[in-house]
Amino acid sequence: MPITEATTSIRTEERVSALGRVVGSPLVRLIARRIAIAIPLLLAISILVFALLEAIPGDPARNQAGMDATEEEVEAVRARMGLDRSPVERYLTWLGGFVTGNFGKSSISGQPVTTLLAERVPVTVELVVLAFVVSLALALPVALMAARKPGGFFDRVVMVISMTLLAVPNYVMALLLVLVFAVLLRALPAIGYVPIEENLWLNIRSVTLPVLALAIPLAAFYARFLRGDLVEQMNSADYVETARAKGVGPWKVLWRHAFRNSSFGLLTLVGLNIGGLVGGTVIIEQIFSMPGLGVLMLQGVMSRDTAVVQICVFIFAAVAVLANLVVDVLYAVLDPRIRYGNR
């Protein structure tokens, strides 16, 4: 065999071997197992949502045709909406369309659902992402400073404020923020949304209050949890005592050693809260008149627009499942014991 062909053959074998090691790695197998669990879970959720929509009283065909419509007109609307077919047939049609990327049309507006999603999803994504960033930016320094001196003045203040904020629901927080910043101070708009591509400054002003309404209770929850975990680590962990015995400074011990282990618990909370945060946007978007996915779903439920509600709920569920999948993977990346423990 010529030298060039032999060299090419060796390189090919090395690439195949490397690919085999990647595919067979514990992390890849862990991701494959989680995806295998997520798919039937999402399928079950879609069936449940469809069944619940079927159970809602009222006739959507009659609602759309109008109370004064004749029976012939109602039947025509029913046929156009596909309601003259069996529920199983309609669900399978929806599922087939979903797999091929065809989400159907809104039975109310007649627009393709993909068009509605393209208009609404960016608003909700912006709210959720900013709320998470703001909540963590508020919670991390506060928790670290409170854990530095447990029982001190700052720690006691943080505990009282966090307990108070935890007792305030998102919608109450939203109304308080509107009262203070929009009505009394007239510093920020109470309702409305300006897209980023139109005007960045006006976009920031329009999302500030909704983001704060979502982020503040979440920040209080994170700060309280992280502070408690840090204090426990600082008081009982052997590696903390070892670091102190070596002369490592208090802040360095807190940040480099205690926070590293506490971040695992915080990571789990973040993953679990993503679904709740996305669900919370339904109320917040309604209060601030924001054209997001939550408002679209709410309008779909009120009008029994099955195609819209089905895909909106599926997106919310998929975000929650995907967030937990990402948390599991990050856990495995950060802690090798989890990777090899899932063999």
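Refer to the structure above for everything that follows.
Parameters and conventions
- Residues numbered from 1 in each chain as written.
- Predicted model: local features only at pLDDT ≥ 70, side-chain atom pairs only at ≥ 80, totals over all residues.
- Heavy atoms only, no water.
- Helix = DSSP H or I, 4+ residues; strand = E, 2+ residues; numbered from the N terminus.
- Buried < 20%, exposed > 50% of the residue type's maximum accessible area, 1.4 Å probe, protein only.
- Contact = heavy atoms within 4.5 Å.
- Areas by Shrake-Rupley, 256 points an atom, 1.4 Å probe, with all protein chains shown as cover.
- Lys, Arg positive; Asp, Glu negative; His and termini not counted.
- Charge placed at Lys NZ, Arg CZ, Asp CG, Glu CD.
- Axes fitted to C-alpha atoms, helices over the stretch in contact; angles between N-to-C directions.
- Parallel < 35°, antiparallel > 145°, perpendicular 65-115°, else oblique.
- Left-handed = near helix turned anticlockwise from the far one by under 90°.
- Nonpolar A, V, L, I, M, F, W, Y, C, P; charged D, E, K, R; others polar.
- Salt bridge = Lys/Arg side-chain N within 4 Å of Asp/Glu carboxyl O.
- Core = buried A, V, L, I, M, F, W, Y, C linked by side-chain atoms within 4.5 Å.
- Phe/Tyr/Trp six-rings, centres within 6.5 Å; stacked < 30°, edge-to-face > 60°.
- Polar contact = N/O pair within 3.5 Å; in protein donor to acceptor, adjacent residues only side chain to side chain.

### Quick look at the overall build of the protein
So, step 1. Secondary structure summary: the protein contains 14 helices and zero strands in total.
So, step 2. Going residue by residue from the N terminus, the α and β elements of the protein occur as α-α-α-α-α-α-α-α-α-α-α-α-α-α.
So, step 3. Based on the C-alpha atoms only, the size of the protein along its principal axes is roughly 85 × 85 × 40 Å.
So, step 4. Every one of the 343 residues in the protein was classed for burial, and the buried ones make up 38%.
So, step 5. Long-range contacts, defined here as pairs at least 24 residues apart, represent 71% of the contacts in the protein between residues at least 6 apart.
So, step 6. For the protein, the exposed surface amounts to about 18900 Å²; the carbon and sulfur share of it is 68%.
So, step 7. Where the 29 positive side-chain charges of the protein centre and where its 25 negative ones centre are 14 Å apart.

### Describing the packing of helix 10 (residues 238-245) against helix 11 (residues 250-287)
So, step 1. One way to put it is that helix 10 packs onto helix 11 with a least axis distance of 10 Å and a crossing angle of 165°. When the interaxial angle is binned, helix 10 and helix 11 end up roughly antiparallel. For the element pair helix 10 and helix 11, the recorded crossing hand is right-handed. Seen from helix 10, the contacting residues are Y239, V240, A243 and R244; seen from helix 11, they are V253, H257, A258 and N261.
So, step 2. Partitioned by chemical class, the residues of the contact of helix 10 with helix 11 number five nonpolar, two polar and one charged.

### What to know about the pattern of salt bridges
So, step 1. Summed over all chains, the structure comprises two salt bridges.
So, step 2. Across the salt bridge formed by R78 and E75, the nearest N and O atoms sit 2.7 Å from each other. Residue R78 and its partner E75 are both found in helix 4 (residues 71-81); the two are separated by three residues, about one turn of the helix.
So, step 3. Taking the relative accessible area as the measure of exposure, R78 reaches 15% and is therefore buried.
So, step 4. Its relative accessible area of 43% is what places E75 among the partly exposed residues.

### Some remarks on the nonpolar core
So, step 1. Core analysis: the biggest nonpolar cluster contains 61 residues, and F132, Y222, L230 and F288 have the highest contact counts within it.
So, step 2. Mapped by element, the contributors of at least two residues to this core are helix 6 (113-148), helix 8 (170-184), helix 9 (200-236), helix 10, helix 11, helix 12 (293-303) and helix 13 (306-334).
So, step 3. Per-element tally for this core: the top contributor is helix 9, with 14 residues.
So, step 4. Excluding residues within four positions of it along the chain, Y222 makes contact with F132, S135, L136, A139, L266, L269, V270 and N273.
So, step 5. Residues Y91, W94, A317 and V321 belong to the second largest nonpolar core, which totals eight residues.

### Description of the packing of aromatic side chains
So, step 1. The full count for this structure, using the stated rule, is seven aromatic pairs.
So, step 2. A centroid spacing of 4.5 Å and a plane angle of 70° characterise the contact between F98 and F314, whose relative ring orientation is edge-to-face. One end of the pair, F98, is in helix 5 (residues 87-99); the other, F314, is in helix 13, with 216 residues separating them in the sequence.
So, step 3. Judged by its relative accessible area of 23%, F98 falls in the partly exposed class.
So, step 4. The rings of F50, Y91, W94, F98, F103 and F314 are connected pair by pair, giving a single aromatic cluster.

### Quick word on the side chain of T124
So, step 1. Mapped onto the elements, T124 comes out in helix 6.
So, step 2. A distance of 2.7 Å separates a polar side-chain atom of T124 from the backbone nitrogen of L293.
So, step 3. Setting aside residues no more than four positions away along its own chain, T124 makes contact with T281, E285, G292, L293 and G294.

### Quick look at helix 12
So, step 1. Taken together, the buried positions of helix 12 are L293, G294, V295, L296, M297 and G300.
So, step 2. Taken together, the buried residues of helix 12 touch helix 6, helix 11 and helix 13.

### Things to note about the environment of F225
So, step 1. Looking at the secondary structure, you find F225 in helix 9.
So, step 2. Judged by its relative accessible area of 30%, F225 falls in the partly exposed class.
So, step 3. As a C-alpha pair, F225 and V125 span 100 residues in sequence and 25 Å in three-dimensional space.
So, step 4. Residues within four places of F225 in sequence aside, it is in contact with G265, L266 and L269.

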